[in-house]
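Descriptive analysis of the structure
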Amino acid sequence: MTKINSISFYFIIVLGLISIKIQLSGGSELTVKIPRANLTHVPKDLPLTTTTLDLSQNNISELQTSDVLLLSKLRVLMMSYNRLQYLDIGVFKFNMELEYLDLSHNELRVISCYPTVNFKHLDLSFNAFDALPICKEFGNMSQLKFLGLSGSKVQSSSVQPIAHLNISKVLLVLGDTYGEVEDPESLQHISTGSLHIVFPEKREFRFILDVSVTMAISLELSNIKCGFEDKECSYFSSALFKLRKNLRLSNLTLNNVETTWNSFIKVLQLVWHTPVKYFSISNMKLQDQVDQRSFNYSGTSLKALSIYQVVSNVFNFPQHYIYGIFSNMNIQSFTLSGTHMLHMTCPSQASPFLYLDFTDNLLTDMVFEDCRNLINLKTLSLQKNQLKKLENIIFMSAEMTSLQKLDISQNSIRYSDEENVCSWTESLLVLNLSSNMLTGSVFRCLPPKVKVLDLHNNRIKSIPQKVTKLEALQELNVASNSLMDLPGCGAFSSLSVLVIEHNSVSHPSADFFQSCQKIRSITAGNNPFQCTCELREFVKNLGQVSGEVVEGWPDSYTCDSPESVKGTPLQDFHMSPLSCDTVLLIVTIGVTLLVLAAIVAFLYYCFDLPWYLRMMCQWTQTRHRARKIPIEELQRNLQFHAFVSYSGHDSSWVKNELLPNLEKDDIRVCLHERHFIPGKSIVENIIHFIEKSYKSIFVLSPHFIQSEWCHYELYFAHHNLFHKGSDNLILILLEPIPQYSIPSNYHKLKTLMARRTYLEWPVEKSKHGLFWANLRATIKVKLGNQAETTCHLQG
Ligand SMILES: *[C@@H]1O[C@H](CO)[C@@H](O)[C@H](O)[C@H]1NC(C)=O
């Protein structure tokens, strides 16, 4: 535990049956929860920095100083539903921060007090105290907001110590033996805004407690059983009757009421003439028959009556009498929910009802049929009933000329537009049709001024072409239907909120945002998006409207197909513009080809591309060949890289260009003027040096042809050299030689020229580099006697 030092974490340790949840947040808050773990003692090893400790629903029967002594930061201690019998508030004397203590539902009988604790919330309700557990010291708890008490004896004197406190809420649970010795005035010193009294369960209400003396604005009474032994419910009735005097009282709530129909009506009638404005009953069981007495509606302060969860074991009672009592009530707001009510009649005259909530009953389409007296009604909820035909509801609404909000969700409503009656009340602004069986046809008949329309969870496959123009519609919820596309806003020009998640939208129209200019928020997640080119535009538009507008973005927006991208978030789905736009693709290819052609043409004309190509070609061939010739063979007997033959007219080119360019790369060149052996015939010399050289270079020019070539023709003819392969020959064409100027008996030269197997000396200086590199590559080879730098004749 001491290793806990991260700012925020959460983990669970399971030690046998004990599960401990520790939650640390914000550094200063540490919550430890060990509920339902059969603990018999407060665990010893709790983190010392615990601020909230929940040990409820265990078997702890003792609480000692040592249990909580070290928890100096403890603010909240929850120990309800344990087995504590004795409480010494002094155990908390070192827990200076403790402000919330819940010890309800224990077996506490005795409490001993300690002066310096200052709780905000102290719950001692549902215990076994005899007298109320109120110490003198409680009078010091100036911060107290909630006080839960229980006792079988409630006496004015015992409440005295806290009379001067102003507690927001007091819960008073009366023990099972309450009522034997009763002090009717005991509540008068409890000073609270809200008082909740829980009477003993299952016992008939025969108490003389005067609830009217309370100062509370809000009074809640639980466990009221009456009208059985005491047919007239006289005790409870007289308690309610006294409330007439209490002008402060505004809210009255009754919980867990078990009575007869007659007593219920009587209670209603009594409350009708008290100052109570808001009356609420929940969990009521009604029995017996009803005597049809008339109800006196006059002079009431009541504004709202709410009744939740009613069961009745009587089936053949005069329903119309009961409905009549309800529907003719002269109050503004009436809720009747969770009953098995089948019908509700129309008020017999113009009704002041503004708000009617009949959620969760068994009402049918007949409800308020042809009812012209609900002229003030603004809100009507018929949620979760048995409504079936929308036509009937439309008829019903037609008479409710003030109706603004209608909730008929969670019924089984269908609509067939065959009858062509569409008489919705014009006043309707909010219509909830969710969770019904409606199809797209419902769009043919909707209230013309509706602003908020909820159609989620129906059976809408598409929105028809011809729909009611809903120019005021701002919010449309069509989630959980089977729509294939987003609706356009042609008919809904004011649409600003669209919810269309959980539908079948696979490729939403990209022009949605154009059509729906006023859209502020769209929720379109969890649709089976098909991630193809069409979706690109939509995603782009989604991206442009900001994240606030697109609800659930990016998490609930994923590709569903094609299979290869299934599950990819739409956010990460990209398709290049090229692959999606055919025109663009064709244009791009065309332009690329044009540019390439232009470059080729440009190179051809400006840089003599063919010359370069030939050079490159020769280069590669040379490389290729060089690799094939065994080195050893070359090294044997060779002394020179190249033998150069040229005409005297070209000697300046040879000396100034050729030699420097070859020799700078350690290429050994043999020239006849340097190396020819005097005394031997020219042809003999030529033959000798050609054999000692790796290559023979001939510098061709018109002069050369005229003066020198004859020697070679002779030599070539003699040695048949060309037939072994002309690999050793390199012809450099220094100046162009017109074909006609070659004498006709120079066959070999003619063939060589025709095959263009020569290197052309380029006139442009820029090409010289490549020319020399090419030439050097052709003749560069490792020779045997590298050390020898001078070239001389051997043998
Ligand atoms: C419509 O009713 C359902 C419950 O049936 C509720 O969840 C939803 O919020 C209501 N819609 C509107 C717009 O009030």
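If you're wondering where the values come from, they're calculated on a predicted model, not measured in any experiment.

Calculation criteria
- Residues numbered from 1 in each chain as written.
- Predicted model: local features only at pLDDT ≥ 70, side-chain atom pairs only at ≥ 80, totals over all residues.
- Heavy atoms only, no water.
- Near = heavy atom within 4 Å.
- Polar contact = N/O pair within 3.5 Å; in protein donor to acceptor, adjacent residues only side chain to side chain.
- Areas by Shrake-Rupley, 256 points an atom, 1.4 Å probe, with all protein chains shown as cover.
- Nonpolar A, V, L, I, M, F, W, Y, C, P; charged D, E, K, R; others polar.
- Axes fitted to C-alpha atoms, helices over the stretch in contact; angles between N-to-C directions.
- Helix = DSSP H or I, 4+ residues; strand = E, 2+ residues; numbered from the N terminus.
- Left-handed = near helix turned anticlockwise from the far one by under 90°.
- Contact = heavy atoms within 4.5 Å.
- Pairing = 2+ DSSP bridges.
- Buried < 20%, exposed > 50% of the residue type's maximum accessible area, 1.4 Å probe, protein only.
- Right-handed = clockwise from strand over helix to strand, strands pointing away.
- Core = buried A, V, L, I, M, F, W, Y, C linked by side-chain atoms within 4.5 Å.
- Parallel < 35°, antiparallel > 145°, perpendicular 65-115°, else oblique.
- Patch = residues over 30% accessible without salt bridge, like charges linked within 9 Å, V, L, I, M, F, W, Y side chains within 5 Å.
- Salt bridge = Lys/Arg side-chain N within 4 Å of Asp/Glu carboxyl O.

Describing the site of the ligand
In the vicinity of the ligand, the contacting residues are Gln383, Ser409, Gln410, Asn432, Ser434, Val452 and Asp454. In the environment of the ligand, an oxygen atom lies 2.7 Å from a nitrogen or oxygen atom belonging to the side chain of serine 409. One of the side-chain nitrogen or oxygen atoms of asparagine 432 is found 2.3 Å away from an oxygen atom of the ligand. Coverage of the ligand by the protein chains reaches 56% of its 360 Å² of free accessible surface. Here the residues of the shell around the ligand are counted per class, giving one nonpolar, five polar and one charged.

Notes on the packing of helix α13 (residues 651-663) against helix α20 (residues 768-779)
Each pair of packed helices can be summarised by the angle the axes make with each other and by the distance between the axes. Packing of α13 against α20 brings their axes to within 10 Å, and their N-to-C directions diverge by 65°. Along this stretch, α13 crosses α20, giving a crossing that reads as right-handed. Where α13 approaches α20, its residues Trp653, Glu657, Leu658, Asn661 and Leu662 are matched on the opposing element by Trp772, Leu775, Arg776 and Ile779. Class assignment for the residues of the contact of α13 with α20 results in six nonpolar, one polar and two charged.

Quick look at the sheet that holds strand β32 (residues 758-760)
Ordered by their spatial adjacency, five strands build an open sheet running β29-β28-β30-β31-β32, and the pairing between neighbours is parallel. Each of the sheet's edge strands pairs with one partner strand only, and the pair in question is β29 (669-671) and β32. Ignoring which end each strand starts from, the neighbouring axes of this sheet average 25° apart. Two elements, strand β31 (residues 729-733) and β32, share three bridges in a ladder whose sense is parallel. From the neighbouring strand, leucine 733 faces β32, where its bridge partner is glutamate 760. Across the sheet, helix α15 (residues 682-692) lies against β28 (640-645), β29 and β30 (693-700), angled at about 125° from β30, the strand it touches most. α20 rests against β28, β30, β31 and β32 of the sheet, and its axis sits at about 145° to β30.

Looking at the pairing of β28
Of all the six residues making up β28, six are buried; the element is thus mostly covered by neighbouring parts of the structure. Sheet topology places β28 next to β30; five bridges connect them, and they run parallel. In the sheet register, phenylalanine 640 faces β30, and the bridge partner there is serine 693. Crossover handedness for the path β28 to α13 to β29: right-handed.

Considerations on the nonpolar core
Counting 171 residues, the largest nonpolar core has Phe92, Phe138, Phe279, Phe334, Phe368 and Leu390 as its most contacted members. If you tally residues by element for this core, the top one is helix α4 (residues 261-272), at eight residues. Residues in contact with phenylalanine 368, not counting those within four places in the same chain, are Met344, Thr345, Cys346, Leu356, Phe358, Leu374, Leu380, Met396 and Met400. In terms of nonpolar packing, the next biggest core, distinct from the first, is built from 24 residues, Val644, Tyr646, Leu658 and Ile667 among them.

Observations regarding the packing of helix α3 (residues 234-242) against α4
Between α3 and α4, the shortest axis-to-axis distance is 9 Å and the interhelical angle comes to 15°. Relative to α4, the element α3 is oriented roughly parallel. For the element pair α3 and α4, the recorded crossing hand is right-handed. Contacts from Phe236, Ser237, Leu240 and Phe241 in α3 reach Lys266, Val267, Leu270 and Val271 in α4. Partitioning the contact of α3 with α4 into residue classes produces six nonpolar, one polar and one charged.

Brief notes about a nonpolar patch on the surface
Residues Leu578, Val583, Leu584, Leu585, Val587, Ile589, Val591, Leu593, Val595, Leu596 and Ile599 make up a contiguous nonpolar surface patch of roughly 940 Å² in combined accessible area. Along the chain, leucine 596 turns up in helix α10 (residues 582-607).

Things to note about the pairing of strand β13 (residues 218-225)
Pairing of strand β12 (residues 192-198) with β13, which is carried by five bridges, proceeds in the parallel orientation. Residue histidine 196 lies in a different strand from β13, and its bridge partner there is glutamate 220. Alignment of β13 against strand β14 (residues 251-260), held across seven bridges, turns out to be parallel. Residue pairing across strands places lysine 225 opposite glutamate 258, the latter belonging to β14. In the classification by handedness, the crossover that spans β13, the intervening α3 and the parallel β14 is right-handed.

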